[in-house]
Amino acid sequence: MSTLKRDDDYKFLRIVDAIASINQKVNLFGVVIETGLPKQTKGTDCIWCLKIVDESHPSPGIFVNVFAENFEKLPRVESAGDIVQLSLVLMKIHGSEVYAIFNKKYSSFALYEGRDGSRFVPYQVSSKFHAREQDKKFIAGLRKWTISRQPETASSDSLSLKEINEGHRFNLTCKVLHICEVKEGEWMLFVWDGTDAPPVNVHTKLEEEVENPLPLQLEASPLSRDVLRTFPAVGTVLRMTPEQCNEKLGLHLLKAGRWVQFRNISFKVHFGLWCGILQPFSKFCYLPNNDNLVLQCQRAYNERVKRKWDRVPLSSFPWPSHITDTDYQEVPFVTLMDILCYPEVTAKFRCVVRVLATFPTHPSNFRAPCGTYRLRLTLEDPTARLHAFLYAKDAVKFFGGYPSIDTMIKLQNALLGVEEKGAEKPRNPPWIQCCLKSYYVDKTNIWGSRKYRIFGTQLIN
DNA sequence: TTGGGG
């Protein structure tokens, strides 16, 4: 196996020439167009795979497999389109695919800003990296070339959350809002693009509400109000998890607040909630803030939130069902996320929601032995779920007095989107409008004892 | 050593 001679140290190959240098150690500059997910290998190291291109090989690019002894030493590419300088990487072939292998013992890397950068100082270097004056001309050359090149996101088919459906190999352009360790070594991402994920059918049986009520969120312990308050009030916050929890992904390295494009991900429904699934072969890359797709998402969201009457689910357009009517018709709707994040404990709202479940499950138990109504509804909109209680005179107004059990069953079926009595079909609850109030039950712990109650709302027969 | 483009 040949290595570069001393006087070849400054020699940087074009990718097309590196591809022809199998089993040799070469020096390269490239534009990073995609990264995998950082992973722990089966050996002792971590790996992060980059895909790079240059003018000699603008498509499809070659993979650079970078190994390092810990996650922190891996190249953390800040943005698709950034430039990587690689010294003494070994060119190898597997099948018909040519790779560059970064060996921690003798290879080195440096990362530079891409087309929008003007500095020649790398933002990250590996321990063996030495800067040289000649580097600048390669960086300047690549920057000049990338300006004429279409950004990667322009050509990739990317879904928005309002278009997701169950299946595999989707690309999603979104903003990472939050990353948290939900269990020891298990990380969950919270992503958003300003649109609403489509409502899904509820497959659980209503009777299961007694033993296994529908969860309000996918994470075992709900996010704190401080975290929720950093989330936008409009648009679905999608939870994303790795397909295999034991997959040793370095998800904690991802940065909240950045727009990214995920590639080759799946979407599944858990308990009627959409969930993004990261597979071992899923990719992601941070997008520059001036990426066209990012700007489009932000513009659409800004338009949406500034319209007074637009805080309703996209799929309830142009108007929710006419199953309910509310007082305070002049009050604009808010989202459940608005309600969860409202800065005061006691407040009144109007919103458009679906009723996923009732507890008790059968109308014959909606009233206590003393005759007073007392039931709990599980509500959702594209932004959140919450439990809302229906009590006493608010329930009398809601149900229009004390209808017969048969009538009550009909009302409940309409509310829950049950097609016919006794059918084993999934429920598809309609969007309804309702008034909600938040209140507390313990004066010494007002936030900890906050609850929600439906009022000023009636079912229309 | 590890991973390997699905």
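Residues numbered from 1 in each chain as written. Chains lettered and ligands numbered in written order. Predicted model: local features only at pLDDT ≥ 70, side-chain atom pairs only at ≥ 80, totals over all residues. Heavy atoms only, no water.

Glancing now at the protein's contact with DNA strand B. Around DNA strand B, a shell composed of 19 residues is seen, among which Cys49, Ile101, Lys104, Phe281 and Lys283 lie nearest. Residue Asp45 places a side-chain N or O atom 2.8 Å away from a base nitrogen belonging to DNA strand B. Those elements giving two or more residues to the surface near DNA strand B turn out to be β3 (46-54), β4 (57-68) and β6 (97-102). Sort the elements by how many residues they give to the surface near DNA strand B and β4 lands first, with three residues. (Near = heavy atom within 4 Å. Polar contact = N/O pair within 3.5 Å; in protein donor to acceptor, adjacent residues only side chain to side chain. Helix = DSSP H or I, 4+ residues; strand = E, 2+ residues; numbered from the N terminus.)

This brings us to the pattern of salt bridges. Pairs may arise between side chains of opposite charge once their charged atoms sit close together. Counted under the stated rule, the structure contains 19 salt bridges. When the shortest N-O distance is used, the salt bridge between Arg119 and Glu113 registers 3.9 Å. Exposure remark for Arg119: the relative accessible area of 46% places this residue in the partly exposed category. Where Arg385 meets Glu380, a salt bridge forms, and the shortest distance between an N and an O atom there is 3.0 Å. Given the relative accessible area of 5%, Arg385 is considered buried. (Salt bridge = Lys/Arg side-chain N within 4 Å of Asp/Glu carboxyl O. Buried < 20%, exposed > 50% of the residue type's maximum accessible area, 1.4 Å probe, protein only.)

It is worth spelling out the pairing of strand β13 (residues 273-278) at this point. Where burial is concerned, most of β13 is hidden: six out of the six residues are buried. Burial of β13 is two-sided: the residues Leu273, Cys275 and Ile277 facing one way and the residues Trp274, Gly276 and Leu278 facing the other way are all buried. Relative to β13, strand β11 (residues 238-242) runs parallel, the two being bridged by four bridges. Note that in β13 the partner of Arg239 across the bridge is Cys275. (Pairing = 2+ DSSP bridges.)

Turning our eyes to something else, we now look at the layout of surface pockets. Counted as a void, the largest pocket has a volume near 830 Å³. If you trace the largest pocket, you find 41 residues lining it, with Leu216, Gln217, Leu340, Ala384 and Arg385 closest to the centre. For the lining of the largest pocket, the secondary structure elements donating two or more residues are α4 (225-228), β11, β13, α6 (336-340), β17 (374-381), β18 (384-391) and β20 (450-455). When residues of the lining of the largest pocket are assigned to their parent elements, the largest contribution, five residues, is made by β18. (1 Å grid on protein atoms, 1.4 Å probe; cavity = no way out; pocket = protein on both sides within 12 Å on 5 of 7 lines; lining within 4 Å. Points joined across faces, edges and corners; volume = space filled by probe spheres on them.)

These results come straight from atomic positions and should not be treated as a statement about function.
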